[in-house]
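The residues making up each chain are set out below.
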Amino acid sequence: MAERLQVVLARAGVASRHQAERLIREGRVTVNGQVVRKLGTHVVWGQDAIRVDNRLICRLEPKVTVVLNKPKRVLSTSHDPRGRPTTAELVRKIKAHIFPVGRLDYHTEGLLILTNDGELAQHLQHPRYGIPKTYRAKVKGMPAAEVLQSLRSGVMLDSKRTAPAQVKKIGTTGKNTWLEITIKEGRNRQVRRMCWAVGHPVLKLKRTRYGPIRLGDLKPGTYRDLTPAEMEKLRKYVA
Ligand code: URA
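Quick notes on the rules
- Residues numbered from 1 in each chain as written.
- Predicted model: local features only at pLDDT ≥ 70, side-chain atom pairs only at ≥ 80, totals over all residues.
- Heavy atoms only, no water.
- Near = heavy atom within 4 Å.
- Polar contact = N/O pair within 3.5 Å; in protein donor to acceptor, adjacent residues only side chain to side chain.
- Areas by Shrake-Rupley, 256 points an atom, 1.4 Å probe, with all protein chains shown as cover.
- Helix = DSSP H or I, 4+ residues; strand = E, 2+ residues; numbered from the N terminus.
- Buried < 20%, exposed > 50% of the residue type's maximum accessible area, 1.4 Å probe, protein only.
- Arc of directions from axis to C-beta.
- Contact = heavy atoms within 4.5 Å.
- Domains from an automatic or database assignment.
- Buried area = accessible area lost by both parts, 1.4 Å probe.
- Salt bridge = Lys/Arg side-chain N within 4 Å of Asp/Glu carboxyl O.

Topic: the site of the ligand
- Near the ligand, the surroundings consist of Leu 104, Asp 105, Thr 108, Tyr 135, Arg 189, Gln 190, Val 191, Arg 192 and Leu 205.
- Contacts to the ligand include Gln 190, whose backbone N or O atom sits 3.5 Å from an oxygen atom.
- In the environment of the ligand, a nitrogen atom lies 3.2 Å from a nitrogen or oxygen atom belonging to the backbone of Val 191.
- Contact with the protein chains removes 96% of the 230 Å² of surface that the ligand exposes when unbound.
- The leading source of residues in the shell around the ligand is helix α6 (residues 190-197), at three residues.

Regarding helix α4 (residues 118-125)
- Restricting attention to buried positions, one finds in α4 the residues Gly 118, Leu 120, Ala 121 and Leu 124. Down the axis, α4 shows its buried residues gathered within 165 degrees of arc, on one side only.
- Contact partners of the buried residues in α4: β7 (65-70), β8 (99-100), β9 (109-115), β15 (202-210) and α7 (228-237).
- With a side-chain oxygen lying 3.1 Å from the backbone nitrogen of Leu 120, the N-terminal cap of α4 falls on Asp 117.

Observations concerning the domain arrangement of the protein
- Per the domain assignment, the segments making up the protein are domain 1 (2-56), domain 2 (65-127 + 221-237) and domain 3 (132-210).
- Interface area, domain 2 with domain 3, both sides summed: about 1000 Å², of which 49% is carbon and sulfur.
- A per-residue breakdown of the area domain 2 buries against domain 3 is headed by Asp 105, Glu 109 and Leu 111, which together make up 43% of the total.
- Where domain 2 meets domain 3, there are two salt bridges.
- Here Asp 105 makes a salt bridge to Arg 189, at a shortest N to O gap of 3.6 Å.
- Counting across the domain 2 and domain 3 interface gives seven residue pairs in polar contact (both at pLDDT 80 or more).
- Contributing elements (two or more residues each) for the side of domain 2 that touches domain 3: β9 and α4.

Encoded structure:
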């Protein structure tokens, strides 16, 4: 994530915030080889090469993007004060500071992208690009055709109708139903709330697809690098 240069310098232990501002004004700080004198210039730790008096203070991290199959009962954060398992623990072998692109609920499993590429992460989550995300949801009961239609055309959540969605019935247990739902928004607990709103609470939820990226047969708790072809497709989505 982009942060102000003087804040990054202070956090890196180079100087106090006040001293860091002075170093910047004195022209002693460069970002990617350019002298920066403007206070508040935004930089990304790990991605921008920041030097003070020509000394590199910010280690450059290569860009790393992985896809994780988040298991149920794992938080999409780096730390939980209540000690619950987090996605950060699942990817701890990766040296780069990667973070999740958006979130999956604690009880949702499936495809989660993690990256240290702040710009990519920001774009992927921006409503402007409306990246489609596909979920398999086991819902209670047997929703009628009209109910599926209302999920498709939009339901009211917090006084705002959800955008059109794709909804397909893909199976039934006799008592409950499996749906495949593709949404382009990323509202909080959206799939669960949509299904709840039409009277069919979600019993299980798994994300299987994020734009061009598919979960495939990745086992819960494991991850893999995105292939160069997948990276290329992802970048095209937000170009
Ligand atoms: N919708 C939900 O309800 N939960 C998720 O984790 C993702 C989408």
